[in-house]
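Spelled out, the chains give:
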Amino acid sequence: MTSLKENQIITPTFHRILIQNNVNIWYRTAGNASNPKILLLHGFPTSSNMFRNLIPLLASNFHVIAPDMPGFGFTGFPGNYDFSFSSLSETIEHFLDALKISKYFLYVFDYGAPVGFRLAIKSPSSIAGLVVQNGNAYEVGIDDRFWAPIKKYWKAEQTDPTFVEIFTKFLQDPKNVISQYEGAVDGLDSVDPSSYTLDISLLNQPGQVPIQIKLFHDYKSNVELYPEFQNFLRNSHIPVLVTWGKNDTIFTVEGVESFKKDVKCLKIVYYDTCHFALETHVAEIASEITNYFHEKNV
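Predicted model, so just to flag it, every value in this text is computed and none were measured. (Residues numbered from 1 in each chain as written. Predicted model: local features only at pLDDT ≥ 70, side-chain atom pairs only at ≥ 80, totals over all residues. Heavy atoms only, no water.)

## As for the overall build of the protein chain
Short version of the rule: Where helices and strands are cited, they refer to DSSP runs of H or I of at least four residues and of E of at least two residues respectively, numbered from the N terminus. The globule rule used for comparison is 2.2 Å times the number of residues to the exponent 0.38, while the radius of gyration itself is calculated over C-alpha atoms. Per-residue accessibility, obtained with a 1.4 Å probe over protein chains only, is compared with the maximum for each type, and a residue is labelled buried under 20%, exposed over 50%, and partly exposed between these values. Here, residues are in contact when the closest pair of their heavy atoms is within 4.5 Å.
A tally of helices and strands in the protein chain yields 11 helices and 8 strands. Taken against the 2.2 N^0.38 rule, which gives 19 Å for 298 residues, the C-alpha radius of gyration of the protein chain at 18 Å falls within 12% of a compact globule. With the C-alpha coordinates aligned to their principal axes, the bounding extent of the protein chain is approximately 55 × 40 × 40 Å. When each of the 298 residues of the protein chain is scored for burial, the buried share is 57%. Residue pairs at least 24 apart in sequence account for 76% of intrachain contacts in the protein chain once pairs closer than 6 positions are excluded.

What follows is the structure, encoded as structure tokens:
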């Protein structure tokens, strides 16, 4: 790969649908198919839209693929789809198989982290390198300022009416989306309001609240897998780049620093922003990704 500074050709992004196991996976793609693949996995409460500015900056050096996971964005799914992180990772695995992608760089954010790590522990040799942006793999990284009610929910039944009411109100309040974009950000004019406006609109679609509540409850299955995620990081010997909005109140800096215990080839870069670091520092993050993996000759 050439460095981003040496090659800044902007290529178009295409928007496609791949039908796989009755799931209509809507995805963005850009770049020459002969380039190294990079899979971008979004998180809650957004979609591949969060990568809209990053994709053209990576596409000169990578073949970029960014799907909307079921329950998010424009991907369609059958009424009996099982909303769990296991199912999300299986859907993305089938998506990669259909595209005949067996080796790729992986960019994970928020919910995309446990989905991506599940792919990695199932097929470690598939991952050429890893970018983690505000996505967690350590219990110390789960901040009680956000996670305390969810942790209590993990001890109850998924249908517990008290928690269903709490999280229904949370999901229906737009400020809980907007704060993830604008919290602790200097110069809000760098945050595009269309991003969180789309998220809010899609969350307001019929049936969305029960889907997201199920995923809140099932997140405990990811925490149970954290030791396996960490084992992958210890044993894979791949280069790992962590780009982090240091003012994030969902996943903390303590979780970032924990990567140092397990990753031998690691670079951590902090940005003075919050959860959605790409909204404010996309050019810097794109440059770090391209130059870091070029430097590592992968």
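There's plenty left to go through after this.
## Some remarks on the pairing of strand β3 (residues 37-41)
Keep this limit in mind: A pair of strands is considered paired only if DSSP assigns at least 2 bridges between the two.
Counting buried residues in β3 gives 5 out of 5 residues, a clear majority hidden from the surface. In the sheet, β3 pairs with strand β4 (residues 63-67) via 3 bridges, with the strands oriented parallel. Bridging from a neighbouring strand, Leu 39 pairs with Ile 65 of β4. Across 4 bridges, the pairing between β3 and strand β5 (residues 104-108) is parallel. What sits directly across from Ile 38, in β5, is Phe 105.

## Details of empty space enclosed by the protein
The test is simple: In this analysis a 1.4 Å probe is tested at points of a 1 Å grid over the protein atoms alone, and where it fits but cannot get out there is a cavity; an open set with protein on both sides within 12 Å along at least five of seven lines is a pocket; lining residues have an atom within 4 Å of a point. Grid points are joined across faces, edges and corners, and a volume is the space filled by probe spheres set on the points. Under the grouping applied here, Gly and all other residues not named as nonpolar or charged are polar, the nonpolar ones being Ala, Val, Leu, Ile, Met, Phe, Trp, Tyr, Cys and Pro and the charged ones Asp, Glu, Lys and Arg.
Scanning the model with the defined rule gives 4 cavities of 30 Å³ or more in all. By volume, the largest cavity is sized at about 80 Å³. Pro 45, Thr 46, Ser 47, Gly 71, Phe 72, Gly 73, Asp 199, Leu 202, Leu 203, Gln 205, Gln 208 and Gln 212 together form the lining of the largest cavity. Listing elements by their share of the lining of the largest cavity, those giving two or more residues are α7 (193-203) and α8 (208-236). Sort the elements by how many residues they give to the lining of the largest cavity and α7 lands first, with 3 residues. Looking at side-chain class alone, the lining of the largest cavity contains 4 nonpolar, 7 polar and 1 charged residues. The space that makes up the second largest cavity amounts to roughly 60 Å³. The element that contributes the greatest number of residues to the lining of the second largest cavity is helix α4 (residues 144-154), accounting for 3 residues. The residue makeup of the lining of the second largest cavity, split by class, is 8 nonpolar, no polar and 1 charged.

## A short note on the sheet that holds strand β8 (residues 266-271)
Here is the rule we go by: Note on geometry: axes are C-alpha line fits, over the in-contact stretch for helices, and angles between N-to-C directions span 0 to 180 degrees.
The 8 strands are arranged β1-β2-β4-β3-β5-β6-β7-β8 in an open sheet whose pairing can be described as mixed. With partners counted over all chains shown, the strands left at the sheet margins are β1 (13-20) and β8, one partner each. Taken over all neighbouring pairs, the strand axes of this sheet differ in orientation by 20° on average, direction set aside. As judged from the 8 bridges shared by β1 and strand β2 (residues 23-30), these two strands associate in the antiparallel manner.

## Points about the pattern of salt bridges
Filter applied, for reference: Salt-bridge detection follows one rule: a side-chain nitrogen of Lys or Arg within 4 Å of a carboxyl oxygen of Asp or Glu.
Summed over the entire model, instances satisfying the criterion amount to 11 salt bridges. The shortest N-O distance in the salt bridge between Arg 52 and Glu 279 comes to 3.1 Å. Of the two residues, Arg 52 is situated in the loop between β3 and α1 (54-58) and Glu 279 in helix α11 (residues 278-295); the sequence distance between them amounts to 227 residues. A residue is classified by how much of its surface remains accessible, and Arg 52, at 18% relative accessible area, is buried. Taking relative accessible area as the criterion, Glu 279 reaches 9% and is therefore assigned buried. Its salt-bridge partner being Asp 262, residue Arg 234 comes within 2.9 Å of it at the nearest N-O pair. One end of the pair, Arg 234, is in helix α8; the other, Asp 262, is in helix α10 (residues 259-262), and 28 residues separate them in sequence.

## Regarding the side chain of Glu 279
How we decide: By the criterion applied in these results, polar contacts are pairs of N or O atoms within 3.5 Å in which, for protein atoms, one can donate a hydrogen and the other can accept it, and in which residues neighboring in sequence qualify only through two side-chain atoms.
A distance of 3.1 Å separates the side chain of Glu 279 from the side chain of Arg 52, its partner in a polar contact. Glu 279 has contacts with Arg 52, Tyr 181, Ser 190, Asp 192 and Ser 195, leaving out every residue within four places of it along the chain.

## Describing the side chain of Thr 46
Within the fold, Thr 46 resides in the loop between β3 and α1. Of the residues examined, Thr 46 reaches a relative accessible area of 2% and is grouped as buried. Within the structure, Thr 46 has its side chain in polar contact with the side chain of Asp 199 (distance 3.1 Å).

## Topic: the nonpolar core
Definition in use: We call a set of buried residues a nonpolar core when its members are Ala, Val, Leu, Ile, Met, Phe, Trp, Tyr or Cys and they connect through side-chain atoms within 4.5 Å of each other.
Ranked by size, the top nonpolar core spans 100 residues in total, and within it Leu 40, Leu 54, Tyr 107 and Ile 289 carry the most contacts. A per-element tally of this core places α8 first, with 12 residues. For Ile 289, the residues in contact, after removing those within four places along its chain, are Ile 38, Leu 54, Leu 58, Phe 62, Tyr 107, Val 131 and Leu 241.

## Re the environment of Leu 198
Relative to the helices and strands, Leu 198 is located in helix α7. Of the residues examined, Leu 198 reaches a relative accessible area of 22% and is grouped as partly exposed. Note: C-alpha distance between Leu 198 and Thr 46 (152 residues apart in sequence) is 8.1 Å. Leu 198 has contacts with Asn 49 and Phe 74, leaving out every residue within four places of it along the chain.

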